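# Survey of secondary and tertiary structure
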Amino acid sequence: MIRVDAFLISIAVASALGVVASQHQARQIFSELEREQARARELEVEWGQLQLEQSTWAALARVELIARERLGLQEPQPGRIVIVEVPR
Amino acid sequence: MKNRRSVTFNHNPLLEKGLPVWRPRLVLLGLLACSLTLVGRAAWLQGFNNEFLQAEGKSRYSRVIPVPATRGRITDRNGDVLAVSTPVRSIWAIPSDARLSPADTRSLATLLEMDVPELNRRLDSERDFVYLKRQLAPEVARRIADLKLPGVHEHEEYRRYYPGGEVTAHMLGFTGVDDRGQEGIELAFDAQLKGMSGSRRVIRDRRGQIIEDVESIRPPRDGENVVLAMDAKIQFLAYSALRHAMQTHKAKAGGVVVLDVRTGEVLALVNAPTFNPNNRSGLSGAQLRNRVLTDVFEPGSTMKPFIGALALEQRKVALDTIIDTDPGRMTIGRATISDVRRHGPLTVGGVIQKSSNVGTVKLAMHFTPDEMWQMFDELGFGTPLNLGFPGEASGRLRPARSWRPIEQATMAYGHGVSGSLIQMARAYLAFARDGELLPLSLTRVDAPPAPVRRVFSTETARQMRQILEHAAGPEGTAPKAQVTGFRVAGKTGTAHKLEGGRYTDRYISSFVGFAPASNPRIIVAVMIDEPTAGQHFGGAVAAPVFARIVEGTLRSMGVVPDAPVAPLHVAGKVEKPPVPKERM
């Protein structure tokens, strides 16, 4: 009788320890997931800021100003446009 | 309970008498009831109704904290970012906790870019919570956090940036400090753009530091991106053309809208005066107004082609029917309608080309009010476009029963009926698309939508296109609408403004047209409100804006020129018109 009891108790203890361990593991994995998600969010934010920066630099008003004033470019007159046919 | 044992020390005569049986029983019962109550209460708290205490216990260490979601981006049709949210921090204080040394106050004021007295005034506030500064850059906020000042806290917020600034202001609208849409696309598509913040449960220690993540209750859902039909390049072209015209003609306001004929997409929508959505202090209502969509005006002569088309459609006249407009005025009831100058006998084309009021009224006299009403209604006047844009105007089209003859006459040349500029532009789709109307879209559409209805026959639309091409030509009212390399078609409008029920000597000059005339790709509608620099005719004020926009837009869309230009030299042999790759 006592053997059976001891056996059952040891199983109960082992399972309890298992619960603790898996709980711990779950929390560890969860916090890892959280960390990665936070990183993803940070990267997302950074991407947004870079896009913002890009579109600020590429603002058409700025491009036009630089093209006209610094580079001295001008729109081609219609008579000076050459139409090239791409052979298919 | 009589004690028969002789107890020598207890000879109290009172005891001798003995107690009544019920008294000790009562006391015992009382004690039993008390202990039962306690046991019952304990069982209740422990066993049956334990949620409350467990929740209380948990709340000492576990917290549910919100996880913010970002608002979606708005991009143009090619993916260029027009609006994006990025995190910023707001600094707030609990004034009773914030006991700062003068040195701390000074360094805080420097970081916040505030005056020391101003900061002190805020910190002396009676309230429990004051914002010191909202929407600071994260770097600055970090340096403030490093000062570790008591009673000074920060929290994360989102701020919306609009790299397009003034150019896209009216189209996009803006959001408030709480990152919710307040105007324009931001409001119209708020449900799609806004994210759903999530929440997660964490375990915090005594000092409020998160020591463990327990679970994610609801993951945050970021807002969806909105891809507009707008093309940033065309938008900028329209913006600079309109700004130029506003300055040249010292106008009060103006608007431009560019539509894609094949898909009904709104490629550009510009208003003037405009505002900078990134810095909205000191805005006036006039700047905020999206005139193209929300303001109705009497269009004037741009309405005439519809009357001409209806007359051709119902075979009331043929292309070569002569309409005598002499002597340049006519009387209906007690009112007189007159032309700017005498035009003599004209064909239908001539009436539109010379923009003769008398000729148009004579054409309109062929119809009953019901017939005219039905056409205006089919063209969309009096009905909102349902783009989902806030404050969209429907225009005014009174029921045909109430029209007096003079009203029917004035409506023929665009007075007494009103619409917004975008409604005018859309109505011209009927000419540009062989008689059909499309639903308009502010967002990019990938396949052309099904037409809403057919207003004119293909033949009528084609005839009208030719007439409108002449109207925008050297013989018409708008030779300045001409663009080198492309055939254009369109109609000018110069309408007296209606103020307090009377027509004034102030004008709205407009031009609505499309190009290339041989196979229309875009519709451009221009409206200039109160030009005051001397000229006020649509052909002089609005047509050049049209020309500038058409030239740039067609080039940027890669449309093949349909008008002969004299090339300086031709590379290779060019026999049939080349087909450049189309950028959609």
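How each quantity is defined
Residues numbered from 1 in each chain as written. Chains lettered and ligands numbered in written order. Predicted model: local features only at pLDDT ≥ 70, side-chain atom pairs only at ≥ 80, totals over all residues. Helix = DSSP H or I, 4+ residues; strand = E, 2+ residues; numbered from the N terminus. Rg over C-alpha atoms; globule rule 2.2 N^0.38 Å. Buried ≥ 20, exposed ≤ 12 C-beta atoms within 10 Å, placed from the backbone. Contact = placed C-beta atoms within 7 Å. Pairing = 2+ DSSP bridges. Arc of directions from axis to C-beta. Axes fitted to C-alpha atoms, helices over the stretch in contact; angles between N-to-C directions. Parallel < 35°, antiparallel > 145°, perpendicular 65-115°, else oblique. Nonpolar A, V, L, I, M, F, W, Y, C, P; charged D, E, K, R; others polar. pLDDT = per-residue confidence, 0-100.

Turning our attention to the overall build of chain A. A count of helices and strands for chain A gives two helices and zero strands. Taking 12 Å as the expected radius of gyration for a compact globule of 88 residues, we find that chain A reaches 34 Å, considerably beyond that expectation. The C-alpha extent of chain A, read off along each of the three principal axes, is 110 × 40 × 15 Å. Burial status across chain A gives 1% buried among its 88 residues.

Attention now moves to the overall build of chain B. Of the regular secondary structure elements, chain B holds 21 helices and 19 strands. Taking 2.2 N^0.38 as the reference for a compact globule, 584 residues should give roughly 25 Å; the C-alpha atoms of chain B span a radius of gyration of 38 Å, well beyond that estimate. Dimensions of chain B, computed from the C-alpha atoms along their principal axes, are close to 150 × 60 × 50 Å. Within chain B, the proportion of its 584 residues that are buried is 42%. Sequence-distant contacts, at least 24 apart, represent 69% of the contacts inside chain B between residues at least 6 apart.

On to the pairing of strand β13 (residues 335-338) of chain B. As defined by bridge partners, strand β12 (residues 329-332) of chain B adjoins β13(B) across four bridges and the pair is classed as antiparallel. The residue of β13(B) that forms the bridge with Met330(B) is Ile337(B).

Residues and elements named next belong to chain B. Those residues of helix α16 (residues 369-379) that fall on the buried side of the exposure criterion are Met372, Trp373, Met375, Phe376 and Leu379. For α16, the angular spread of buried residues about the axis comes to 160 degrees, placing them on one side. Contact partners of the buried residues in α16: α13 (304-313), α15 (357-364), α17 (405-412) and α18 (421-432). With its phi angle positive at about 105 degrees, glycine 380 sits one or two positions after the end of α16.

Quick look at the sheet that holds strand β9 (residues 253-260) of chain B now. All names here are of chain B. A sheet is described by the order of its strands in space; here five strands give the open sequence β10-β9-β19-β18-β17, paired in antiparallel fashion. The sheet is open, and its two borders are formed by β10 (266-272) and β17 (489-499), each paired with just one other strand. Within this sheet the neighbouring strands show an average axis-to-axis angle of 10 degrees, counted without direction. When β17 meets strand β18 (residues 502-515), the two strands line up antiparallel, connected through ten bridges. Within β18, the position partnered with glycine 490 by the bridge is glycine 513. Of the strands in this sheet, β9, β10 and β19 (522-529) are in contact with helix α10 (residues 232-248), which crosses β10 at around 30 degrees.

We now examine the environment of Pro520(B). All names here are of chain B. Looking at the element boundaries, proline 520 is found in the loop between β18 and β19. With 23 C-beta atoms counted inside 10 Å, the residue proline 520 sits in the buried group. In the structure, proline 520 is positioned 88 residues away from alanine 432 in sequence and 5.7 Å away in space, judged by C-alpha atoms. In contact with proline 520, not counting residues within four places along its chain, are Val261, Ala432, Phe514 and Ala515.

By the criterion of burial, α13(B) is predominantly enclosed, with nine of the ten residues buried. Buried within α13(B) are the following residues: Lys304(B), Pro305(B), Phe306(B), Ile307(B), Gly308(B), Ala309(B), Leu310(B), Ala311(B) and Leu312(B).

On to the pairing of β18(B). Residues and elements named next belong to chain B. Between β17 and β18, which pair antiparallel and follow one another directly, the connecting turn spans two residues, one of which, glycine 500, has a positive phi of 60 degrees. Bridging between β18 and β19 involves eight bridges; their strand directions are antiparallel. Note on β19: the bridge partner recorded for isoleucine 508 is aspartate 529. Once β18 ends, the chain turns through six residues before running back antiparallel as β19.

Residues and elements named next belong to chain B. By the secondary structure assignment, glutamate 392 is in the loop between α16 and α17. Counting along the chain gives 114 residues from glutamate 392 to arginine 506, while the straight-line C-alpha distance between them is 25 Å. For glutamate 392, the residues in contact, after removing those within four places along its chain, are Leu293, Thr294, Pro384, Leu385 and Leu387.

All names here are of chain B. Where helix α4 (residues 102-112) contacts helix α6 (residues 138-147), the two axes come as close as 10 Å, and the packing angle between them is 170 degrees. In this view, α4 runs roughly antiparallel relative to α6, as classed from their interaxial angle. Here Asp104, Ser107, Leu108 and Leu111 of α4 come into contact with α6, specifically with Val140, Arg143, Ile144 and Leu147. Residues of the contact of α4 with α6, tallied by class, amount to five nonpolar, one polar and two charged.

On average, chain B scores 85 in pLDDT, and the residues at 70 or more come to 93%. For the stretch residues 567-584 of chain B, pLDDT sits under 50, and the model shows 23 contacts to residues farther than four places along the chain or on other chains.

All right, on to unusual backbone geometry then. All names here are of chain B. Residue proline 273 follows alanine 272 across a cis peptide bond; omega there is -5 degrees. Position of proline 273 relative to the elements: it lies in the loop between β10 and α11 (285-288). The backbone phi angle of glutamate 113 is positive, close to 55 degrees, even though this residue is not glycine. Locating glutamate 113 in the fold gives a position in the loop between α4 and α5 (116-123).

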